[in-house]
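Remarks on the overall topology
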Amino acid sequence: MTKKTIKAEYLPGGEKRQELLDSVPDYLKTPGLQANKHLFCLEVLKLTETEYLEALNKATNGGLVDSAWN
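Described below are features of the structure shown in this document. (Residues numbered from 1 in each chain as written. Predicted model: local features only at pLDDT ≥ 70, side-chain atom pairs only at ≥ 80, totals over all residues. Heavy atoms only, no water.)

Quick notes on the nonpolar core
Heads up, the rule is: Residues belong to one nonpolar core when they are buried, are Ala, Val, Leu, Ile, Met, Phe, Trp, Tyr or Cys, and are joined through side-chain atoms within 4.5 Å. Per-residue accessibility, obtained with a 1.4 Å probe over protein chains only, is compared with the maximum for each type, and a residue is labelled buried under 20%, exposed over 50%, and partly exposed between these values. Numbering of helices and strands starts at the N terminus; helices are DSSP runs of H or I of at least 4 residues and strands are runs of E of at least 2. By the convention used here, residues are in contact when the closest approach between their heavy atoms is within 4.5 Å.
The biggest cluster of nonpolar side chains holds eleven residues, and these are L20, L21, V24, L28, C41, L45, L47, Y52, A55, L56 and A59. Among the elements of the structure, α1 (17-29) and α3 (49-59) are those that each provide at least two residues to this core. When near neighbours in sequence (up to four residues on either side) are disregarded, A59 contacts P25, L28 and K29.

Structural data, given as structure tokens:
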């Protein structure tokens, strides 16, 4: 099995990076373990922890921030 890599245009600084960041919240809403999605986002998509948390917050309609404050 060959290991797939992300295209340079989707990496940090790439011209399509914002498209990728905009699609991550939809990915996070799909069924599956969040731990696996977290690992995929950081290691394959090369998101920073901040980018991941922002996407997770968008996916939960602000629920992540609300739960942190309550």
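Having seen it, we continue.
Observations concerning the side chain of R17
Defined as follows: Definition of a polar contact: a pair of N or O atoms within 3.5 Å, with one able to donate and the other able to accept a hydrogen when the atoms are protein atoms, and with sequence-neighbouring residues admitted only if both atoms are side-chain atoms.
Secondary-structure assignment places R17 in helix α1. Looking at R17, its side chain comes within polar contact range of the main-chain oxygen of Y10, at 2.9 Å. Ignoring anything within four residues of it in the chain, the contact list for R17 reads E9, Y10, L11, P12, L45, K46, L47 and E51.

Re α1
Our working definition: Bend, at a single residue, is the angle you get between axes fitted to the 7 residues ending at that residue and the 7 residues starting at it.
Roughly 30° is the biggest bend found in α1, and it falls at S23, with proline P25 one to four residues downstream. Buried residues along α1 sit in contact with α2 (34-43) and α3.

Description of the packing of α1 against α2
Counted only if it meets this: Axes here refer to lines fitted to C-alpha atoms; in helices the fit is confined to the stretch in contact. Angles between the N-to-C directions go from 0 to 180 degrees. Angles are sorted into four bins: roughly parallel if under 35 degrees, roughly antiparallel if over 145, roughly perpendicular if 65 to 115, and oblique for all others. In a left-handed crossing the near helix is turned counterclockwise from the far helix by less than a right angle, and in a right-handed crossing that turn is clockwise. When residues are sorted by character, Ala, Val, Leu, Ile, Met, Phe, Trp, Tyr, Cys and Pro go into the nonpolar class, Asp, Glu, Lys and Arg into the charged class, and all the rest, Gly among them, into the polar class.
Look at α1 against α2: their axes get within 10 Å of each other, and the N-to-C directions meet at 155°. Looking at the two axes, α1 sits roughly antiparallel to α2. Crossing angle aside, the handedness with which α1 passes α2 is right-handed. Across from V24, Y27, L28 and K29 in α1, the residues of α2 making contact are Q34, K37, F40 and C41. Split by residue class, the contact of α1 with α2 holds five nonpolar, one polar and two charged.

Examining the pattern of salt bridges
Heads up, the rule is: Within this document, salt bridges are pairs made up of a side-chain nitrogen of Lys or Arg and a carboxyl oxygen of Asp or Glu, the two lying within 4 Å of each other.
Per the stated rule, a full pass over the model turns up two salt bridges. For E9, the salt bridge is made with K16, and the minimal N-O distance between the two is 3.9 Å. According to the relative accessible area criterion, E9 is partly exposed, its value standing at 26%.

Overview of the packing of aromatic side chains
Quick reminder of the rule: What counts as a ring pair is set by centres within 6.5 Å for rings of Phe, Tyr and Trp (its six-membered ring), and what kind of pair is set by the plane angle: stacked under 30 degrees, edge-to-face over 60, tilted for all other angles.
The final tally for this structure, using the stated rule, is one aromatic pair. A ring pair is formed by Y27 and F40, whose centres lie 5.5 Å apart and whose planes are at 55°; its orientation type is tilted. Of this pair, Y27 sits in helix α1 while F40 sits in helix α2, and the two are 13 residues apart along the sequence. Residue Y27 is classed as partly exposed on the basis of its relative accessible area, which comes to 29%.

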